[in-house]
Amino acid sequence: MGRKVNPIGFRLGVTKDWQSRWFAEKEYTNLLHEDIKLRKIIFGRLKAAALSKIEIQRSSTNLEITLHTAKPGIVIGKSGQAVDQLKKEIEDMTGKKVKLNIEEIRQPELDAYLVAESIAEQIEKRVNYKRAMKQSVTRAMRLGAKGIKIKCSGRLAGAEMARNAMEKDGRIPLQTIRADIDYGLVHAFTTYGRIGVKVWIYKGDVLPGQMKKVNLMPVQASAEE
């Protein structure tokens, strides 16, 4: 079971939180597609900024977006020009007042998505996949991770047949819900096909009371109002 379920989805509402936080009844479909479009635009615009995740919180008139990045300087830009331009573009697209928050990831070696992205970039540059995986595992364990597992799948090193390669160190208790496991999946696009890079990082247990409770704000006013 532990291998078939997304480790973040498995823990939602217990030790993990949703990346989109809002409630809507009639407008749900439109808002969902707007969230997907927003993420696509932001990730596309900020490819070099080492973005890990984008959190979106909505109210009836406002839109709050939090960008988790390892390179906040690139997101902000010179004198804050880049972030102002991005904010204006999102406001024009959504027609709502936008608040942009930028949170710095101080240890990108312990962020599963950024580790997977780094390995994928190295594979695209023809670096040996085994070397890239081993280096990432060593760095994460040195910085305090309790366990890490990396899996690469596809035509590794241009082989005729697709196969899997795995590198692991420490513990990865996938079936323990209180375990704080970060998960990331990134695709490397090479001349001989697509290679999937999956990363699991175990950072310790989340004890009862440590998880923040989130209040969902309704997006539109109810009929009675």
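Preceding this paragraph is the structure being described.
Please read all numbers here as calculations on a predicted model, not as lab measurements.

Rules used throughout
Residues numbered from 1 in each chain as written. Predicted model: local features only at pLDDT ≥ 70, side-chain atom pairs only at ≥ 80, totals over all residues. Heavy atoms only, no water. Pairing = 2+ DSSP bridges. Helix = DSSP H or I, 4+ residues; strand = E, 2+ residues; numbered from the N terminus. Contact = heavy atoms within 4.5 Å. Axes fitted to C-alpha atoms, helices over the stretch in contact; angles between N-to-C directions. Parallel < 35°, antiparallel > 145°, perpendicular 65-115°, else oblique. Left-handed = near helix turned anticlockwise from the far one by under 90°. Nonpolar A, V, L, I, M, F, W, Y, C, P; charged D, E, K, R; others polar. Phe/Tyr/Trp six-rings, centres within 6.5 Å; stacked < 30°, edge-to-face > 60°. Buried < 20%, exposed > 50% of the residue type's maximum accessible area, 1.4 Å probe, protein only. Lys NZ or Arg CZ within 6 Å of the ring centre and 35° of its normal.

Caption draft 1: Representation of the sheet that holds strand 1 (residues 20–21) in the model. If you trace the four strands from one edge of the open sheet to the other, you get 1-2-3-4, paired in mixed fashion. For this open sheet the edge positions go to strand 1 and strand 4 (97–104), each flanked by a neighbour on one side alone. Here eight bridges tie strand 3 (residues 62–69) to strand 4, and the two strands are oriented parallel to one another. Each residue of the ladder has a partner; that of leucine 63, found in strand 4, is valine 98. Lying on the sheet, helix 1 (residues 28–45) is in contact with strand 1, strand 2 (51–58) and strand 3; it crosses strand 2 at an angle near 145 degrees.

Caption draft 2: Spatial organisation of the packing of helix 1 against helix 3 (residues 81–94). Axis separation between helix 1 and helix 3 bottoms out at 12 Å; the angle between their running directions is 155 degrees. The angle between helix 1 and helix 3 places the two elements in the roughly antiparallel class. In terms of crossing hand, the pair formed by helix 1 and helix 3 is right-handed. Of helix 3, the residues touching helix 1 (which contributes Glu34, Lys37, Leu38, Ile41, Ile42 and Arg45) are Ala82, Gln85, Leu86, Glu89, Ile90, Met93 and Thr94. Partitioned by chemical class, the residues of the contact of helix 1 with helix 3 number seven nonpolar, two polar and four charged.

Caption draft 3: Local environment of the packing of aromatic side chains. According to the stated counting rule, one finds three aromatic pairs in the structure shown. Taking 5.8 Å as the distance between ring centres and 50 degrees as the angle between the ring planes, the aromatic pair formed by tryptophan 22 and tyrosine 28 counts as tilted. Residue class for tryptophan 22 comes out buried when judged on its relative accessible area of 12%. Assessed through its relative accessible area of 42%, tyrosine 28 is described here as partly exposed. With centroids separated by 6.2 Å and ring planes inclined at 45 degrees, the aromatic side chains of phenylalanine 43 and tyrosine 113 adopt a geometry described as tilted. A residue pair is termed long-range when its members are at least 10 positions apart, and phenylalanine 43 in helix 1 and tyrosine 113 in helix 4 (residues 112–124) qualify at 70 residues. Note on phenylalanine 43: relative accessible area 26%, which makes it partly exposed. Its end group placed over the ring of tryptophan 22, arginine 58 keeps NZ or CZ at 5.7 Å from the ring centre.

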